[in-house]
Amino acid sequence: MANALRGRYLLPMLLALSVMALSSATQAAVVKGLYRHEVPIAGQDGTQRAEAMSQALSDVLVKVAGQRDVLTNIYIRNALSKPETYIREFGFRTDDTSTNRQKYFQATFDELAVNQLLEQAGVPIWGKNRPSTLMWLAIEDRGRRTLVSSADELPRVFGQAFSKRGLPSLFPLMDFEDEAAISAVDVWGGFSGKILEASKRYGSQSILSGRLAEDNGRYYGRLNLTFRGNTQSAAIQGLNSQGVAQTASDLVGSVLSQHYAVNTSDASSKVSLTVENVSTLDDYATLVKYLERVNAVRAVDVENVRGSVIGLELTIDGSESQLADALALGRNLEPVSLVSQDVNDPLSEITAMTYRWTGRQ
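Note that the structure is a prediction, hence the values are computed from the model and not measured.

Thresholds applied
Residues numbered from 1 in each chain as written. Predicted model: local features only at pLDDT ≥ 70, side-chain atom pairs only at ≥ 80, totals over all residues. Heavy atoms only, no water. Helix = DSSP H or I, 4+ residues; strand = E, 2+ residues; numbered from the N terminus. Contact = heavy atoms within 4.5 Å. Areas by Shrake-Rupley, 256 points an atom, 1.4 Å probe, with all protein chains shown as cover. Pairing = 2+ DSSP bridges. Axes fitted to C-alpha atoms, helices over the stretch in contact; angles between N-to-C directions. Polar contact = N/O pair within 3.5 Å; in protein donor to acceptor, adjacent residues only side chain to side chain. Salt bridge = Lys/Arg side-chain N within 4 Å of Asp/Glu carboxyl O. Buried < 20%, exposed > 50% of the residue type's maximum accessible area, 1.4 Å probe, protein only. Expected span 1.5 Å × (residues − 1). Parallel < 35°, antiparallel > 145°, perpendicular 65-115°, else oblique. Left-handed = near helix turned anticlockwise from the far one by under 90°. Nonpolar A, V, L, I, M, F, W, Y, C, P; charged D, E, K, R; others polar. Patch = residues over 30% accessible without salt bridge, like charges linked within 9 Å, V, L, I, M, F, W, Y side chains within 5 Å. Phe/Tyr/Trp six-rings, centres within 6.5 Å; stacked < 30°, edge-to-face > 60°.

### Section: the overall build of the chain
Turning to step 1, where the next piece is worked out: Looking only at helices and strands, one finds 12 helices and 16 strands in the chain.
Turning to step 2, where the next piece is worked out: When contacts within the chain are restricted to residue pairs at least 6 apart in sequence, those whose partners lie at least 24 apart make up 66%.
Turning to step 3, where the next piece is worked out: Put simply, the chain shows about 17800 Å² of open surface, and 48% of that area lies on carbon and sulfur atoms.

Structural data, given as structure tokens:
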């Protein structure tokens, strides 16, 4: 099969080095707790517990799928009426630090059962390795415009909203280097060149910028998400900080999940992967285990070994470009070349890949 696959590579093309460098430098994080969640609850009677279970399952499905539209799916809506089917364990806790000693329902959901539900519903699944979104927010308060830094209060609210959605995020340090590179005027004016240049040090491909005027705790303005040269926006009209943060997380989750979430209900395909610098048996074992954990990979088969170079055949869900995206999020493999059949869109049909094993965790 490998020879047949290689025989189809009639129009090989090396992707631009700048693209590979950007991919390998992508800020990413392994998101923990995708299948765990807690929701506030007033009491522990049967009705309240059932409502909390359904809400917790709703939130987990949104986290795993990456977008809120999943809740409109008929299969998902039916499943929400019997959330206990998907719960592995649950409990309650009380926040003694809150003034009203708020109670919470906590649940851990069965990962396999949740994934099977999404697969049956035809909903793509987003793995645990996810890119970070860098946020540049210019705030106008009483005529004064400033840039939000990681030390301000607003990032805490955004952090909670993004964490609830399973979305890694970061705010700029606003240290000397940032202050020399960008100003509130640049972000308020939406000067994309300045924003992209100032973002390079953080290594994020996903960049959220926005201009927000504050009036008595309410915000008005617009958020812009730039990802790989494309920008999508969301208007902010009279929302509090929690509302702004939820709008931002909805925007980021919807856009990024379209690139990284994999529809496992689609037919699988084969891809040849060559990995250099696999020098020891430990390297080989770690490489295979690493690939088997990648969201897009269903199976890993060895084709050949030539010294420290190993040829693999991967059975994947989703597209070849989604596999390249998933590998770019990790730290273990650095791209050497990605060969495509499509001259006009090199990322659309990647059919052969060469990477270098770094062994970094």
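### Digging into the sheet that holds strand β2 (residues 36-41)
Turning to step 1, where the next piece is worked out: Within the open sheet, the three strands sit side by side as β2-β4-β3. Their pairing is antiparallel. Of all strands in the sheet, those bounded by a partner on one side alone are β2 and β3 (87-94). Ignoring strand direction, the axes of neighbouring strands in this sheet form an average angle of 20°.
Turning to step 2, where the next piece is worked out: Where β3 meets strand β4 (residues 103-109), seven bridges bridge the pair, whose relative direction is antiparallel. Among the inter-strand pairings, Gly-91 is bridged to a residue of β4, identified as Gln-106.

### What to know about the pairing of strand β7 (residues 144-147)
Turning to step 1, where the next piece is worked out: For strand β6 (residues 133-141) and β7, the ladder comprises four bridges, and the chain directions are antiparallel. Bridging from a neighbouring strand, Glu-140 pairs with Arg-145 of β7.
Turning to step 2, where the next piece is worked out: Hairpin connection between β6 and β7: a loop of two residues separates the two successive antiparallel strands, and Arg-142 in this loop has a positive phi of roughly 55°.

### Focus: the environment of Ser-98
Turning to step 1, where the next piece is worked out: Mapped onto the fold, Ser-98 is located in the loop between β3 and β4.
Turning to step 2, where the next piece is worked out: From its side chain, Ser-98 meets the backbone nitrogen of Arg-101 in a polar contact 3.1 Å long.

### Looking at the side chain of Ser-257
Turning to step 1, where the next piece is worked out: Structurally, Ser-257 is set in helix α10 (residues 241-260).
Turning to step 2, where the next piece is worked out: For Ser-257, the side chain forms a polar contact with the main-chain oxygen of Gly-253, separated by 2.7 Å.
Turning to step 3, where the next piece is worked out: Setting aside its immediate chain neighbours within four residues, Ser-257 contacts Ala-65, Gly-66, Gln-67 and Trp-126.

### Considering the pattern of salt bridges
Turning to step 1, where the next piece is worked out: Scanning the model with the defined rule gives 15 salt bridges in all.
Turning to step 2, where the next piece is worked out: The partner of Arg-201 in a salt bridge is Asp-178, and the shortest N-O contact between them spans 3.0 Å. Separated by 23 residues along the polypeptide, Arg-201 in the loop between α9 (192-199) and β9 (206-215) and Asp-178 in helix α7 (residues 176-181) bring together distant segments of the chain.
Turning to step 3, where the next piece is worked out: Judged by its relative accessible area of 35%, Arg-201 is partly exposed.
Turning to step 4, where the next piece is worked out: Between Arg-298 and Asp-317 there is a salt bridge, and its shortest N-O distance comes to 2.4 Å. Highlighted residues: Arg-298 in strand β13 (residues 297-306) and Asp-317 in the loop between β14 (309-316) and α12 (320-329), separated in sequence by 19 residues.
Turning to step 5, where the next piece is worked out: Here the salt bridges share partners, and the residues they tie into one network are Asp-175, Glu-177, Asp-178 and Arg-201.

### A closer look at α10
Turning to step 1, where the next piece is worked out: When the terminal C-alpha atoms of α10 are compared, their 28 Å separation across 20 residues agrees well with the 28 Å that a helix rising 1.5 Å per residue should span.
Turning to step 2, where the next piece is worked out: The N-cap residue of α10 is Asn-240: its side-chain oxygen and the backbone nitrogen of Gln-242 are 3.2 Å apart.

### Topic: unusual backbone geometry
Turning to step 1, where the next piece is worked out: The phi angle at Met-174 is positive, at roughly 55°, despite the residue not being glycine.
Turning to step 2, where the next piece is worked out: Tracing the backbone through its elements, the reader meets Met-174 in the loop between β8 (169-170) and α7.
Turning to step 3, where the next piece is worked out: Since its relative accessible area comes to 15%, Met-174 is described here as buried.
Turning to step 4, where the next piece is worked out: Phi angles above zero are rare outside glycine, and Asn-216 is one such case at about 55°.
Turning to step 5, where the next piece is worked out: With respect to the helices and strands, Asn-216 occurs in the loop between β9 and β10 (218-227).
Turning to step 6, where the next piece is worked out: The exposed category is assigned to Asn-216, whose relative accessible area is 78%.

### Some details on the packing of helix α6 (residues 154-164) against α10
Turning to step 1, where the next piece is worked out: Close contact between α6 and α10 brings their axes to 9 Å; oriented N to C, the two are set at 45°. The angle between α6 and α10 places the two elements in the oblique class. Every pair of crossing elements has a handedness; the one defined by α6 and α10 is right-handed. Across the interface between the two elements, Leu-154, Val-157, Phe-158, Ala-161 and Phe-162 from α6 touch Ser-241, Gln-242, Val-244, Ala-245, Gln-246, Ala-248, Ser-249 and Val-252 from α10.
Turning to step 2, where the next piece is worked out: Across the contact of α6 with α10, the residue classes break down as nine nonpolar, four polar and no charged.

### Structural notes on the pairing of strand β11 (residues 230-239)
Turning to step 1, where the next piece is worked out: Two elements, β10 and β11, share nine bridges in a ladder whose sense is antiparallel. Directly across from Tyr-220, in β11, lies its bridge partner Gln-237.
Turning to step 2, where the next piece is worked out: In textbook terms, the turn of a hairpin is the stretch between consecutive antiparallel strands, and for β10 and β11 this stretch comprises two residues, one of which, Arg-228, has a positive phi near 55°.

### Examining a nonpolar patch on the surface
Turning to step 1, where the next piece is worked out: A contiguous nonpolar patch, built from Tyr-284, Val-302 and Val-305 and spanning about 250 Å² of accessible area, is present on the exposed surface.
Turning to step 2, where the next piece is worked out: By the secondary structure assignment, Val-305 is in strand β13.
Turning to step 3, where the next piece is worked out: Given the relative accessible area of 55%, Val-305 is considered exposed.

### Examining the packing of aromatic side chains
Turning to step 1, where the next piece is worked out: Applying the stated criterion across every chain, the model contains nine aromatic pairs.
Turning to step 2, where the next piece is worked out: With a centroid separation of 6.3 Å and 5° between ring planes, the pair formed by Trp-126 and Tyr-260 is classed as stacked. Within this pair, whereas Trp-126 is found in the loop between α5 (111-120) and β5 (129-131), its partner Tyr-260 is found in helix α10, the two being separated by 134 residues in sequence.
Turning to step 3, where the next piece is worked out: With relative accessibility at 2%, the residue Trp-126 sits in the buried group.
Turning to step 4, where the next piece is worked out: Taking 5.9 Å as the distance between ring centres and 90° as the angle between the ring planes, the aromatic pair formed by Phe-158 and Phe-171 counts as edge-to-face.

In short, shape yes, function no, at least from these values alone.
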